[in-house]
Amino acid sequence: MSDVHAGGCLCGAVLYTVSGPLRGVVYCHCTQCRRQTGHIYAATNVADDRIEIDGADNLTWYAASNLAHRGFCRICGSALFWKPDDGGHISIMAGTFDTPSGLESESHIFVADKGDYYEISDGLAQYAGPGPSSAASGR
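Residues numbered from 1 in each chain as written. Predicted model: local features only at pLDDT ≥ 70, side-chain atom pairs only at ≥ 80, totals over all residues. Heavy atoms only, no water.

Novice: Could you clarify how one ought to interpret the pairing of strand β3 (residues 25-28) in this entry?
Specialist: In summary, the side chains of a regular strand alternate between the two faces of the sheet. Residue alternation in β3 divides its side chains into two sets, Val 25 and Tyr 27 and Val 26 and Cys 28, and both sets are buried. Two strands pair when backbone bridges link them, and β3 and strand β10 (residues 105-109) are joined in this way by four bridges, in the parallel orientation. Bridge pairing links Val 25 to Ser 105 in β10. When β3 meets strand β4 (residues 41-47), the two strands line up antiparallel, connected through three bridges. Paired with Val 26 across the strands is Ala 43, a residue of β4. (Buried < 20%, exposed > 50% of the residue type's maximum accessible area, 1.4 Å probe, protein only. Helix = DSSP H or I, 4+ residues; strand = E, 2+ residues; numbered from the N terminus. Pairing = 2+ DSSP bridges.)

Novice: How should I be thinking about the nonpolar core in this particular structure?
Specialist: In a soluble, globular protein the nonpolar side chains are often hidden away together inside. Ranked by size, the top nonpolar core spans 23 residues in total, and within it Val 18, Ile 51, Phe 81 and Ile 92 carry the most contacts. Contributing elements (two or more residues each) for this core: β2 (15-19), β3, β8 (79-84) and β9 (89-93). Counting residues in hydrophobic clusters, the runner-up holds 11 residues, among them Cys 30, Cys 33, Tyr 41 and Trp 82. (Core = buried A, V, L, I, M, F, W, Y, C linked by side-chain atoms within 4.5 Å.)

Novice: Would you mind going over the sheet that holds strand β7 (residues 68-73) with me for this structure?
Specialist: Within a sheet, adjacent strands bond to each other through the backbone by hydrogen bonds, running parallel or antiparallel. With mixed pairing, the eight strands of this open sheet are ordered in space as β6-β7-β8-β9-β4-β3-β10-β11. The open sheet has two free edges, formed respectively by β6 (59-62) and β11 (125-126), since each of these has just one partner strand. Examined bridge by bridge, β7 and β8 share five bridges and lie antiparallel to one another. Residue pairing in the sheet places Arg 70 in a bridge with Trp 82 of β8.

Novice: Looking at this model, I keep getting lost on the pattern of salt bridges. Mind explaining?
Specialist: Side chains that carry opposite charge are capable of pairing whenever their charged atoms lie near each other. Counted by the stated rule, this structure contains one salt bridge. A salt bridge links Lys 83 to Asp 48, with the shortest nitrogen-to-oxygen separation between them at 2.8 Å. Here Lys 83, found in strand β8, pairs with Asp 48, found in the loop between β4 and β5 (51-54); they are 35 residues apart in sequence, far enough to count as distant. (Salt bridge = Lys/Arg side-chain N within 4 Å of Asp/Glu carboxyl O.)

So, to be careful, I would describe these as geometric facts and stop short of saying anything about function.
As structure tokens, then:
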């Protein structure tokens with residue numbers, strides 16, 4: 001996998017570049033993630049000092065809970081980031097990366113909250129709550 005990864009929102013108003021390796025994709029099935037996206041979050045995460053955001057003035061941050069903020073493009077509405085209030089990392093939605101991303105699936109978290117209209121049958125690890133690699137309940 002390359003050491004530089006790029007991506008952005010649907011309209012291109014928010015672009016980002018990440019340096020270094022990316023964590024595997026964690027699929028979050030919590031109610032908040034499902035309501036924001038219409039299905040589930042699929043995200044990797046990186047340390048704050050490994051991401052550069054171009055067009056950050058086009059980001060809107062929503063305090064979805066007392067634990068984290070969700071970042072989305074204020075122009076096109078694309079969900080881009082999940083940022084814990086007490087962490088030194090940021091989660092980035094996997095589908096917003098340019099391809100080839102080199103990302104690989106890792107696990108499912110908050111499966112106790114998953115929607116009743118689908119099954120998880122990919123053989124990945126499943127956790128009722130946050131799981132081990134979702135740092136501080138990070139997506």
